[in-house]
Amino acid sequence: WRLQGSLLGLQVLAYNRHTYETVAQRLVITIVPAPGDEPPYQGEFLVGNRNVEELLPAAAREIFLQATAGVWERDDLHVINVTSALDRGGRVPLPIEGRKEGVYVKVGSRGAFSPCLASAASPQSRFRCSLGQQPLASCYDTFAPHFTIRWCNLTLLQVWPSPTAPGPAWGSGVLEEGGDFQPPTEVPPGDLLPGYLVTLLVPLAVAVLLCLLLGHLMCCRREGV
């Protein structure tokens, strides 16, 4: 991919899971700033009975948001990100009918988490999950039967805006009077002969000594001489 101003060019490669045929398509996406700041309350759900391509259409995301509103008790929810569980280290499902790869769906809101979500992500729930038990969830699972949520993988985040550092102060681009560029003074040429002699003579002297030592060992140290 490459950036061209406010455009992002993507080449998408896909393959058919049954015939293994591949197809390529180039997408040009216009990058625009978000209409508002990042929502401070974000929840990430792991949907175990879906593949990532099944939650990319707008209609599927809208159904998921309606189900999320039942447990979050908010009506200003929107999807922030949809990620395949394979990209998070998940295993490729077996080629058995009904097996799905799983999808992580991150949802944001400006309202606080409901008591149901807070209890499902509490330390007590994490402890129960470590024991193989169901987490604490006091509310009705409005995701069923369309979505199977892995409640032990629920993640709740509170994101607060970070203060932005002041940017650099730009000038007019014109040098002030007396501000001409002064190049560095010319460096006098150095004497390279000593370095050259050391580089040449030291290895040569070592080689001569090694040859003399080898000749002495071969000629004067032979058995019987």
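Above: the structure in question.
Being a predicted model, the structure only gives us computed values, none of them experimental.

Asks: Which parts of the structure should I look at to understand the sheet that holds strand E6 (residues 103-109)?
Replies: Within a sheet, neighbouring strands are paired by backbone hydrogen bonds and run either parallel or antiparallel to one another. Strand order in this open sheet of four strands is E5-E6-E4-E7, and the pairing throughout is antiparallel. A single partner strand is all that each edge strand has here, and the edge strands are strand E5 (78-84) and strand E7 (155-158). The sheet shows a mean angle of 20 degrees between the axes of neighbouring strands, taken without regard to direction. The pairing of E5 with E6 spans six bridges and is classified as antiparallel. Following the sheet pairing, Val79 is matched in E6 by Val107. With respect to the sheet, helix H1 (residues 58-72) is in contact with strand E4 (41-47), E5 and E6, its orientation differing from that of E6 by roughly 60 degrees.

Asks: Got a minute to help me understand a nonpolar patch on the surface in this structure?
Replies: Taken together, the side chains of Leu193, Tyr196, Leu197, Leu200, Leu201, Leu204, Val208, Leu209 and Leu212 define a hydrophobic patch exposed on the protein surface, amounting to about 890 Å² of accessible area. Position of Tyr196 among the secondary structure elements: in helix H4 (residues 193-220).

Asks: So what exactly am I meant to see when it comes to the packing of aromatic side chains here?
Replies: The geometry of two aromatic rings is summed up by the distance between their centres and the angle between their planes. In this structure the tally under the stated criterion is eight aromatic pairs. An angle of 85 degrees between the planes, with centres 5.3 Å apart, marks the rings of Phe64 and Phe147 as edge-to-face. Placement of Phe64 in helix H1 and of Phe147 in the loop between helix H3 (123-130) and E7 is noted, with a sequence separation of 83 residues between them. With 6.0 Å between their ring centres and 65 degrees between their planes, Phe143 and Trp151 make a pair best called edge-to-face. According to the relative accessible area criterion, Trp151 is buried, its value standing at 11%. Taken together, the ring pairs in this structure connect Phe45, Phe64, Phe143, Phe147 and Trp151 into an aromatic cluster.

Asks: Mind showing me how you'd approach the pairing of E6 here?
Replies: For E6, the tally of buried residues reaches seven of seven residues, placing the bulk of the element in the interior. Across the two faces of E6 the burial is the same, with Val103, Val105, Val107 and Ser109 and Tyr104, Lys106 and Gly108 all buried. In terms of strand pairing, E4 meets E6 through seven bridges, oriented antiparallel. Along E6, the bridge assignment pairs Val47 with Val103.

Asks: Would you mind going over the state of the cysteines with me for this structure?
Replies: Any covalent bond linking the sulfur atoms of two cysteines counts as a disulfide. A full pass over the atoms with the stated rule returns one disulfide. Between Cys129 and Cys152 runs a disulfide, and the two sulfur atoms are separated by 2.1 Å. Handedness of the Cys129-Cys152 disulfide follows from its S-S torsion of about -85 degrees: it is left-handed. With a gap of 23 residues between them, Cys129 in helix H3 and Cys152 in the loop between H3 and E7 connect regions that are remote in the sequence. For Cys152, a relative accessible area of 33% gives the class partly exposed.

Asks: Help me understand the pattern of salt bridges, please; the structure alone is not making it clear to me.
Replies: Side-chain pairs of opposite charge can arise where the charged atoms are in close proximity. For the structure shown, the criterion picks out five salt bridges. A salt bridge links Glu53 to Arg17; its shortest N-O distance comes to 3.8 Å. Pair noted here: Glu53 is in the loop between E4 and H1 and Arg17 is in the loop between strand E2 (7-15) and strand E3 (22-30), with a separation of 36 residues, a long-range link. For Arg17, the salt bridge identified is with Glu101, shortest N-O distance 3.0 Å. Here Arg17, found in the loop between E2 and E3, pairs with Glu101, found in the loop between E5 and E6; they are 84 residues apart in sequence, far enough to count as distant. Put simply, Arg17, Glu53 and Glu101 are held in one network by salt bridges that share partners.

The rules we used
- Sequence positions are assigned chain by chain, starting from 1 and proceeding in written order.
- At least 70 in pLDDT is required for a residue's local features to be given in this predicted model, at least 80 for side-chain atom pairs to be given and counted, and no such filter applies to totals for whole chains, interfaces and linings, which use all residues.
- The basis for the side-chain values is all heavy atoms of the structure; hydrogens and waters are excluded.
- Should DSSP find at least two bridges between two strands, the strands are taken to pair.
- Secondary structure elements are taken from DSSP: a helix is a run of H or I of four residues or more, a strand is a run of E of two residues or more, and numbering for both begins at the N terminus.
- To define axes, lines are fitted to C-alpha atoms, for helices over the stretch in contact only, and angles between the resulting N-to-C directions are given on a 0 to 180 degree scale.
- Throughout, a residue-residue contact means that at least one pair of heavy atoms, one from each residue, lies within 4.5 Å.
- For patch building, the residue pool is restricted to those with more than 30% relative accessible area and no salt bridge; the joining distance is 9 Å between like charges and 5 Å between nonpolar side chains (Val, Leu, Ile, Met, Phe, Trp, Tyr).
- The Shrake-Rupley method, run with a 1.4 Å probe, gives the accessible areas here. Residue values count only the displayed protein chains as cover.
- Salt bridge criterion: a side-chain nitrogen from Lys or Arg within 4 Å of a carboxyl oxygen from Asp or Glu.
- Aromatic pairs are defined between Phe, Tyr and Trp rings, using the six-membered ring for Trp, whenever the two ring centres lie within 6.5 Å; interplanar angles under 30 degrees are classed as stacked, those over 60 as edge-to-face, and all others as tilted.
- The classification of residues rests on relative accessible area computed with a 1.4 Å probe and restricted to protein chains. Under 20% of the type maximum is buried, over 50% is exposed, and intermediate values are partly exposed.
- Disulfide: a pair of cysteine sulfur atoms within 2.5 Å of each other.

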